[in-house]
Amino acid sequence: MLYAILGDDAPGSLGKRLAARPAHLERLKELQDAGRLLLAGPCPAIDAPDPGPAGFAGSLIVAEFDSLAEAQAWAAADPYVTEGVFARTTVRPFRKVLPA
């Protein structure tokens, strides 16, 4: 089943985000290589593709896991969580409707 993982950045965490990004992307690449990643990306803190020093408000990942517990465990081990980039992480089941 698909799960949406929503991470909300902690205030002032841009430096931590940039430092943890390579490890975060490596984990996402593993999901992608396994055919389990639907989409992933950051949410800029301002209405711009490159927010510069404004940084990011959070991130969204939609990926396939065997269970909610597995998705939650994967999210909890992500470098953006362990390194303090995300102040809060929410994991919810997700049902893709469109595009078909």
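Description of the structure in this document. (Residues numbered from 1 in each chain as written. Predicted model: local features only at pLDDT ≥ 70, side-chain atom pairs only at ≥ 80, totals over all residues. Heavy atoms only, no water.)

What to know about helix α2 (residues 68-76)
And step 1. Among the residues of α2, Ala 71, Trp 74 and Ala 75 are the ones counted as buried. Considered in projection along α2, the buried side chains sweep an arc of 100° and stay on one side of the axis.
And step 2. Next to the buried residues of α2 lie β1 (2-9), α1 (14-33), β3 (56-64), α3 (79-82) and β4 (86-94). (Buried < 20%, exposed > 50% of the residue type's maximum accessible area, 1.4 Å probe, protein only. Helix = DSSP H or I, 4+ residues; strand = E, 2+ residues; numbered from the N terminus. Arc of directions from axis to C-beta. Contact = heavy atoms within 4.5 Å.)

Quick notes on the nonpolar core
And step 1. One finds Tyr 3, Ile 5, Leu 28, Leu 31, Ile 61, Ala 63, Phe 65, Ala 71, Trp 74, Ala 75 and Val 91 forming the largest nonpolar core, which totals 11 residues.
And step 2. Ranked by residues supplied to this core, first place goes to α2 with three residues. (Core = buried A, V, L, I, M, F, W, Y, C linked by side-chain atoms within 4.5 Å.)

Focus: the side chain of Asp 9
And step 1. Tracing the sequence through the fold places Asp 9 in strand β1.
And step 2. Ignoring any residue separated from it by four or fewer positions in sequence, one finds Asp 9 in contact with Arg 17, Phe 56, Ala 57, Gly 58, Val 85, Phe 86 and Ala 87.

Some details on the packing of aromatic side chains
And step 1. As enumerated under the stated definition, the model contains three aromatic pairs in all.
And step 2. Ring centres of Tyr 80 and Phe 86 lie 5.5 Å apart, and the angle between their planes is 85°; on these two criteria the pair is classed as edge-to-face. Residues Tyr 80 and Phe 86 agree in their burial class; the two are buried.
And step 3. Cluster of aromatic residues (ring-pair linked, three or more members): Tyr 3, Phe 65 and Trp 74. (Phe/Tyr/Trp six-rings, centres within 6.5 Å; stacked < 30°, edge-to-face > 60°.)

Some details on the pairing of β1
And step 1. Counting buried positions along β1 gives six out of eight residues, so the element sits mostly inside the fold.
And step 2. Bridge count between β1 and β3: seven bridges; the pairing is antiparallel. When the bridges of β3 are listed, Leu 6 appears paired with Leu 60.
And step 3. Where β1 lies against β4, eight bridges are found, and the strand directions are antiparallel. Of the residues in β4, the one forming a bridge with Tyr 3 is Pro 93. (Pairing = 2+ DSSP bridges.)

All quantities given are derived from atomic positions and should not be read as evidence of function.
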